[in-house]
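Below, each chain spelled out in residue letters.
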Protein chains: 2
Amino acid sequence: MDIFDLIVIGAGPGGYVAAERAGMLGKRVLLIEKEELGGVCTNWGCIPTKSLLNSAKMYDHARNSEDRGVKATAVSFDLSTAMTWKQQTIETLRSGIQFLMKQAKVTVVRGEATCLDAHHVQVADTVYQTEDLIIATGSSPVVPPIPGSDLDHVMTSNEVLTLKELPESMVIIGGGVIGIEFASFFSTVGVKVTVVEMMDEILPMVDTEFAKLMRREMKEVDFHLSCKVTKITSDAVHYVDAQGVEQSIAAQQVLMSVGRRANTQNLEALHLDIARTGIVVDEYLKTNVPHVYAIGDVNGKSLLAHSASRMADVVIAHLYGERKQRMRYHAIPWAVYSNPEAAGCGLTEQAAKEQGKEIVTATVQMRANGRFLAEQGKRSGGLCKVVADKHTKVILGIHLLGSYSSEIIWGAASIIESELRIQDVKEVVFPHPSVSEVIKDALFSIDHTL
Amino acid sequence: MDIFDLIVIGAGPGGYVAAERAGMLGKRVLLIEKEELGGVCTNWGCIPTKSLLNSAKMYDHARNSEDRGVKATAVSFDLSTAMTWKQQTIETLRSGIQFLMKQAKVTVVRGEATCLDAHHVQVADTVYQTEDLIIATGSSPVVPPIPGSDLDHVMTSNEVLTLKELPESMVIIGGGVIGIEFASFFSTVGVKVTVVEMMDEILPMVDTEFAKLMRREMKEVDFHLSCKVTKITSDAVHYVDAQGVEQSIAAQQVLMSVGRRANTQNLEALHLDIARTGIVVDEYLKTNVPHVYAIGDVNGKSLLAHSASRMADVVIAHLYGERKQRMRYHAIPWAVYSNPEAAGCGLTEQAAKEQGKEIVTATVQMRANGRFLAEQGKRSGGLCKVVADKHTKVILGIHLLGSYSSEIIWGAASIIESELRIQDVKEVVFPHPSVSEVIKDALFSIDHTL
């Protein structure tokens, strides 16, 4: 029987990073994947959507830059070429992960893993033995039992990535990050998009002001909030609106993006504690079973690729590092790669208040920012909000809506993780002109002292 | 006679920020400007160039996105429309600065200031009295005494921003930041551009590897390094090449971007110490004359808009703050807004070695980064290099070449300012997928420990 220091089940951004780190530290590692290296992130999530969203952005630039001096006639979008580019990106990244696994001397086995106990995992007819086990099996789209949700034109985020032709109209059920990114993509390339959301606002993790502005900036998309879908038929989505009135919207295609569910199949023999949201873990990502860890979407703590990778680091540090680390969730950034982008890190104003914190905040308009104005013009909306502790002045949250947000936000993660205060960041020199300067402006809006 | 707490001469990003900060703290402030609010940065520098470079980027996207699914026929660039957009940006920002001055109750006087002594400044027939004086008069382009440099088709960065038509060909003398940004703009919109640089590499502050890659990525531009211009004629630029051979390049237009010189006129009565590079100042930006400070380009310490603004903060903190601050130069980021962008903060590998530091470094290719690959494709070059102290592991420098560099780099400034170590930043969660993740990858390339 092959004996390993570590078996990792699932090769997404949790699993492959854990395998790589352990392998680079000289451990004997087995990585088991039933589908593709890179998991949902590389193959059906982060990467393909960002590739398509970039194509949509280029299309928008080609069509709508006349006031910047760019004239183009007969601009058209070819979905199949965009899909080919996307597919090449995925394949290149998959090869990259394969190369990393080779470099880290990780054994990769393709197939469905079944856990026999904490130290034995079976794939097809082979049983592998291990000292420690990491479950990184991810999550899958939820398809709620709405009548008609099994019709051919109803897709999840998986199937929508293999569309051959753009539909004329699409209803997106669910206004979370996935729904909003697809709404941005499809509406930009000319599909009539309607988002139907059960809650009273889109993007639940986002500051309310920001969510509102996002809806306003996504001019081509119709949003129906506080609406509950009751039925899908071959040409329409039926729902009950906020007033309790039955309504319907014609839809050639329907995208279901109402949430994701932890993949906990084939783990029964481990007798893990599993909650509604996923496998229960502690701050070291340990499950109730000794030697078994659960990272990434499968533990339901933070359904983000980079959270999974961070969890991988925490487990590997716990197992083999010189110094234990704890998984902390307060400084994990998020980004929505729609047009405009949004990103944030730390507490929103609402969340801070709900936690009973005494805070100071400031919100600044991006159109006062030199680069934003030079590139986006004065009719474009954008915001930056900073939330800080009223007494210690430690920065608790930084939130952005506007161009480059997703690339600016890592600095916020670093600041919040380091517990810097308003005064500390006022002394940081931001490059001019850059959109990132809005953060400094927000800090000086809180108070003008030096 | 009008009496002020503070007179500031020059309303660029040094002067207007100083005036604003002091005004917001309740001081009576006079800001004197002989041209336009915002200074070179807003009117003839950072902002107009970024506006034009953005137009060029849109043009590039419209022309070169077919492999992403975007087809456009008959794409053309209209310089006058791009110039109009640029001008609107400038005017909006100028109004913004005017509003800020009003809000801060700063008195703004237009005209040329002459210093009578440390406490008296004359504009036209009026003499103003002040407790303290800040000189923020900036710098002007140097025009070296090359025969022919006074010909009509030879411009500096000022005049080039008012061009009415694109020339067919342009020679840019000087491969510093200004030269490279204009080379990027003009070459992208179809002008045949040649850069002639006296030194053996472009962009003197940049890591050599990065400068080389920048030249390679700017495919449309011809670079002639180690070449000394000897003469400009109506249709050509003549130079002596690295081998000492006389050469010439045909040029319909010539841009002279060989450096900038401190504006120290009308200050004679102050008897300031003035070095070749500018007014001599200490770490509080104090000159040799009590109550007189010099900030921004005029002191020659760091010719960057954001350095000037930071110096403004340091002086205002010195004059009115609760706690003195020192001007530090080691964590000031820079950015080149060419296509591709480059940005950096802290020591390059070469600079660290010249200082005798024992360092560790790692360089990673951007094409291994998910977002970079998804957007730029695998044939695009990009780099990230991190430099850290070998013993303390404190991060000394972060350098980027590739998309979004200018918006990513502020986080590096924060990290270097905070003296974070490799291990600290390994624990920071970077959003996925983002180009910013290359920094984390570089840190793990230095060593794989957790």
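Predicted model only: the values in this text are computed from it and were never measured.

## A look at the sheet that holds strand β22 (residues 383-389) of chain A
Residue and element names in this part refer to chain A.
And then number 1: If you walk across this open sheet you meet the 5 strands as β19-β20-β23-β22-β21, and the pairing is antiparallel. Single-partner strands in this sheet number two, and they are β19 (334-336) and β21 (359-365). Direction aside, the axes of adjacent strands within the sheet are offset by 10 degrees on average.
And then number 2: Pairing of β19 with strand β20 (residues 342-346), which is carried by 3 bridges, proceeds in the antiparallel orientation.

## What about the environment of Phe 372 of chain B?
Residues and elements named next belong to chain B.
And then number 1: Residue placement: Phe 372 occurs in helix α10 (residues 370-376).
And then number 2: Residue classification places Phe 372 among the buried positions, given that 24 C-beta atoms sit within 10 Å.
And then number 3: C-alpha of Phe 372 to C-alpha of Ile 274: the two residues are 98 residues apart in sequence and 46 Å apart in space.
And then number 4: The residues touching Phe 372, leaving out its near neighbours within four places in the chain, are Met 366, Arg 367, Gly 382, Gly 402, Ser 403 and Val 435.

## What about the domain arrangement of chain A?
Residue and element names in this part refer to chain A.
And then number 1: Looking at chain A, the domain boundaries give domain 1 (3-141 + 261-320), domain 2 (154-258) and domain 3 (334-446).
And then number 2: Taken together, the contact between domain 1 and domain 2 spans 11 residues of the former and 14 residues of the latter.
And then number 3: It is helix α3 (residues 46-63) that provides the largest number of residues to the side of domain 1 that touches domain 2, a total of 7 residues.
And then number 4: Of the residues belonging to the side of domain 1 that touches domain 2, the class tally is 9 nonpolar, 1 polar and 1 charged.

## Section: the relation of the copies chain A and chain B
And then number 1: Rotating chain A by 180 degrees and moving it 0.0 Å along the rotation axis overlays it on chain B with an RMSD of 0.0 Å. Such a turn and shift between the copies fits a two-fold axis.
And then number 2: By residue overlap, the copies meet face to face through one surface: 100% of the interface positions of chain A are interface positions in chain B.

## Regarding the packing of helix α1 (residues 15-24) of chain B against helix α4 (residues 79-103) of chain B
Residue and element names in this part refer to chain B.
And then number 1: Where α1 meets α4, the axes come as close as 8 Å, and the angle between the chain directions of the two elements is 30 degrees. The angle between the axes of α1 and α4 places the two elements in the roughly parallel class. For the pair α1 and α4, the sense of crossing is left-handed. Contacts between α1 and α4 involve Tyr 16, Ala 19 and Glu 20 from the first element and Ile 97, Leu 100 and Met 101 from the second.
And then number 2: Looking at the contact of α1 with α4 residue by residue, the classes come out as 5 nonpolar, no polar and 1 charged.

## With respect to the interface of chain A and chain B
And then number 1: Tallying the contact residues gives 83 residues for chain A and 83 residues for chain B.
And then number 2: Looking at the side of chain A that touches chain B, its residues break down into 44 nonpolar, 25 polar and 14 charged.
And then number 3: Of the pairings in the sheet, the one linking strand β3 (residues 70-77) of chain A to strand β3 (residues 70-77) of chain B comprises 5 bridges and is antiparallel in character. Residue pairing across strands places Thr 73 of chain A opposite Thr 73 of chain B, the latter belonging to β3 of chain B.

## Some points on the packing of α3 of chain A against helix α6 (residues 177-188) of chain A
Residue and element names in this part refer to chain A.
And then number 1: One way to put it is that α3 packs onto α6 with a least axis distance of 9 Å and a crossing angle of 35 degrees. For the pair α3 and α6, the sense of crossing is left-handed. In this structure, α3 contributes Thr 49, Leu 52, Leu 53, Ala 56, Tyr 59 and Asp 60 to the contact, and α6 contributes Glu 181, Ser 184, Phe 185 and Thr 188.
And then number 2: Grouping the amino acids of the contact of α3 with α6 by side-chain chemistry returns 5 nonpolar, 3 polar and 2 charged.

## Structural notes on the sheet that holds strand β15 (residues 246-250) of chain A
All names here are of chain A.
And then number 1: Read across the sheet, 3 strands follow the order β13-β14-β15 without closing on themselves; strand pairing throughout is antiparallel. The two strands at the open ends of the sheet, each matched to only one other strand, are β13 (228-233) and β15. Looking at each pair of strands side by side, their axes are set apart by 25 degrees on average, direction ignored.
And then number 2: As judged from the 5 bridges shared by strand β14 (residues 236-240) and β15, these two strands associate in the antiparallel manner. Looking at the pairing, Ala 236 lines up with Ala 250 of β15.

## A word on helix α7 (residues 208-217) of chain A
And then number 1: Where α7 of chain A is concerned, the buried positions are Phe 210, Ala 211, Leu 213, Met 214 and Arg 215 of chain A.
And then number 2: In this structure, the buried side of α7 of chain A is in contact with β12 (222-224), β20, β22 and β23 (395-401) of chain A.

## Notes on the pairing of strand β22 (residues 383-389) of chain B
Along any regular strand the residues' side chains alternate between the sheet's two faces.
All names here are of chain B.
And then number 1: The buried count for β22 comes to 6 of 7 residues, which makes it a mostly enclosed element.
And then number 2: Sheet topology places strand β21 (residues 359-365) next to β22; 7 bridges connect them, and they run antiparallel. Of the residues in β22, the one forming a bridge with Thr 361 is Val 387.
And then number 3: Two strands pair when backbone bridges link them, and β22 and strand β23 (residues 395-401) are joined in this way by 6 bridges, in the antiparallel orientation. Bridging from a neighbouring strand, Ala 388 pairs with Ile 395 of β23.
And then number 4: In sequence, β22 turns back onto β23 through a hairpin of 5 residues, with Lys 393 there showing a positive phi of about 65 degrees.

Procedures and definitions
Residues numbered from 1 in each chain as written. Chains lettered and ligands numbered in written order. Predicted model: local features only at pLDDT ≥ 70, side-chain atom pairs only at ≥ 80, totals over all residues. Pairing = 2+ DSSP bridges. Helix = DSSP H or I, 4+ residues; strand = E, 2+ residues; numbered from the N terminus. Axes fitted to C-alpha atoms, helices over the stretch in contact; angles between N-to-C directions. Buried ≥ 20, exposed ≤ 12 C-beta atoms within 10 Å, placed from the backbone. Contact = placed C-beta atoms within 7 Å. Domains from an automatic or database assignment. Nonpolar A, V, L, I, M, F, W, Y, C, P; charged D, E, K, R; others polar. Least-squares fit on C-alpha atoms with pLDDT ≥ 70 in both. Parallel < 35°, antiparallel > 145°, perpendicular 65-115°, else oblique. Left-handed = near helix turned anticlockwise from the far one by under 90°.

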